[in-house]
Amino acid sequence: MSQQRGIDGQSGIDAPSGIDDHWLSSARRVVSPNANDRPAGEVSAVVLHGISLPPGKFGGDAIERLFTNTLDPAWHPAFATIASLRVSAHLLIRRDGECVQFVAFDRRAWHAGKSRWRDVDRAGKARWRQGLNDFTIGIELEGADETPYREAQYRALADVLRALIQHYPAITTSRLTGHAHIAPLRKTDPGPAFDWAYLRRCLTESV
């Protein structure tokens, strides 16, 4: 069984980036059709992912094409099995720190898949939850499991998380987890190269 893992901390961090009508003001907007309404309107946690298309290669527009259903399966052998998928994330953070938003934060993006999370509420009561797309925000980092993520990505991610924490009261830094933690038999991202401790430092530093 997977266990909840995240970054200990509290809400209330100042946010230099703003959120307007559930869109990050600093992000480039590329709207994905792969989204729908959240069944209960809950926005209370964040799931971090890692992605590169083709695998291990960075740059280009393949990720954006995947999330907008325009990926050509003939472009690369790895695309043949994924081009027909209907998936998305709320946000992509590219290697240079650029943020691209595909789905408004109050909408349900299709990023977590089959998953399970041991959720602990503010009163300390724990319960296992499934259907994590219903209440989480999915953030993709352009990268690969064994390739170190870049400084610009950690700084951009910390900035985004501050904005989310300020805008959505149910999100705290303890309600941040990775795809590998909620789907350990299927997924490994954001991978061992992701430095959770360094992200924690970025979040607590003054900006």
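Above this text you will find the structure in question.
This section reports on the structure supplied with the text. Given the structure is predicted, the values throughout are model-derived calculations rather than measurements.

1. A closer look at empty space enclosed by the protein
Phase 1: Counted according to the given criterion, the structure contains 1 cavity of 30 Å³ or more.
Phase 2: Considered as a void within the structure, the largest cavity measures approximately 30 Å³ in volume.
Phase 3: Here the lining of the largest cavity is built from residues that sort into 5 nonpolar, 2 polar and no charged.

2. A few points about unusual backbone geometry
Phase 1: The step from L53 to P54 runs through a cis peptide bond, and the omega angle for that step is -10°.
Phase 2: The residue H22 is not glycine, and still its phi comes out positive at about 75°.
Phase 3: Within the element layout of this structure, H22 appears in the loop between β1 (19-20) and β2 (23-24).
Phase 4: The phi dihedral of N69 is positive, around 60°, even though this residue is not glycine.
Phase 5: For N69, the location among the structural elements is in the loop between α1 (62-67) and β6 (91-93).

3. A short note on the nonpolar core
Phase 1: Counting residues in each nonpolar core, the largest one holds 32 residues, and the members touching the most others are I139, L164 and L199.
Phase 2: Secondary structure elements with two or more residues in this core: β5 (45-51), β6, β11 (136-142), α2 (151-167) and α4 (196-204).
Phase 3: Ranked by residue count, the leading element in this core is α2, at 9 residues.
Phase 4: Contacts of L164, omitting those with residues within four sequence positions, involve I19, V46, F105, I137, I139 and I171.
Phase 5: Membership of the second largest hydrophobic core comes to 18 residues, among which are L66, L71, V100 and V103.

4. Points about the layout of surface pockets
Phase 1: Approximately 520 Å³ is the volume found for the largest pocket.
Phase 2: Together, 25 residues line the largest pocket, and G50, I51, L66, E140 and K187 are the ones closest to its centre.
Phase 3: Of all elements in the fold, only β5 and α1 reach the threshold of two or more residues within the lining of the largest pocket.
Phase 4: Among the elements that take part in the lining of the largest pocket, β5 stands out by supplying 3 residues, more than any other.
Phase 5: Class assignment for the residues of the lining of the largest pocket results in 11 nonpolar, 9 polar and 5 charged.

5. Section: α4
Owing to its 3.6 residues per turn, the α-helix aligns residues three or four sequence positions apart on the same side.
Phase 1: Where α4 is concerned, the buried positions are W196, Y198, L199, C202 and L203. All buried residues of α4 lie within an arc of 160° about the axis, which places them on one face of the element.
Phase 2: Considering only its buried residues, α4 is in contact with β5, α2, β12 (176-178) and α3 (179-182).
Phase 3: Regarding α4, its N-cap is D195, as a side-chain oxygen of that residue lies 3.2 Å from the backbone nitrogen of A197 further along.

6. Thoughts on the packing of aromatic side chains
Phase 1: Going through the model one piece at a time under the given rule, you end up with 7 aromatic pairs.
Phase 2: Ring centres of F67 and F102 lie 5.0 Å apart, and the angle between their planes is 85°; this geometry places the pair in the edge-to-face category. Note that F67 is positioned in helix α1 and F102 in the loop between β7 (99-101) and β8 (107-109), a separation of 35 residues in sequence. Just as F67 is buried, F102 falls in that class too.
Phase 3: For the ring pair F105 and Y168, a centre distance of 6.3 Å and an interplane angle of 80° mean the geometry is edge-to-face. A residue pair is termed long-range when its members are at least 10 positions apart, and F105 in the loop between β7 and β8 and Y168 in the loop between α2 and β12 qualify at 63 residues.

7. Section: the pairing of strand β9 (residues 116-120)
Phase 1: Only one face of β9 is covered, namely the face carrying W117 and D119; the face carrying R116, R118 and V120 is uncovered.
Phase 2: With 5 bridges joining them, β9 and strand β10 (residues 126-130) adopt antiparallel strand pairing. Bridge assignment links V120 to a residue of β10, and that residue is A126.
Phase 3: Count of turn residues in the β9/β10 antiparallel hairpin: 5 residues, of which G124 carries a positive phi of about 90°.

Rules used throughout
- Residues numbered from 1 in each chain as written.
- Predicted model: local features only at pLDDT ≥ 70, side-chain atom pairs only at ≥ 80, totals over all residues.
- Heavy atoms only, no water.
- 1 Å grid on protein atoms, 1.4 Å probe; cavity = no way out; pocket = protein on both sides within 12 Å on 5 of 7 lines; lining within 4 Å.
- Points joined across faces, edges and corners; volume = space filled by probe spheres on them.
- Nonpolar A, V, L, I, M, F, W, Y, C, P; charged D, E, K, R; others polar.
- Helix = DSSP H or I, 4+ residues; strand = E, 2+ residues; numbered from the N terminus.
- Core = buried A, V, L, I, M, F, W, Y, C linked by side-chain atoms within 4.5 Å.
- Buried < 20%, exposed > 50% of the residue type's maximum accessible area, 1.4 Å probe, protein only.
- Contact = heavy atoms within 4.5 Å.
- Arc of directions from axis to C-beta.
- Polar contact = N/O pair within 3.5 Å; in protein donor to acceptor, adjacent residues only side chain to side chain.
- Phe/Tyr/Trp six-rings, centres within 6.5 Å; stacked < 30°, edge-to-face > 60°.
- Pairing = 2+ DSSP bridges.

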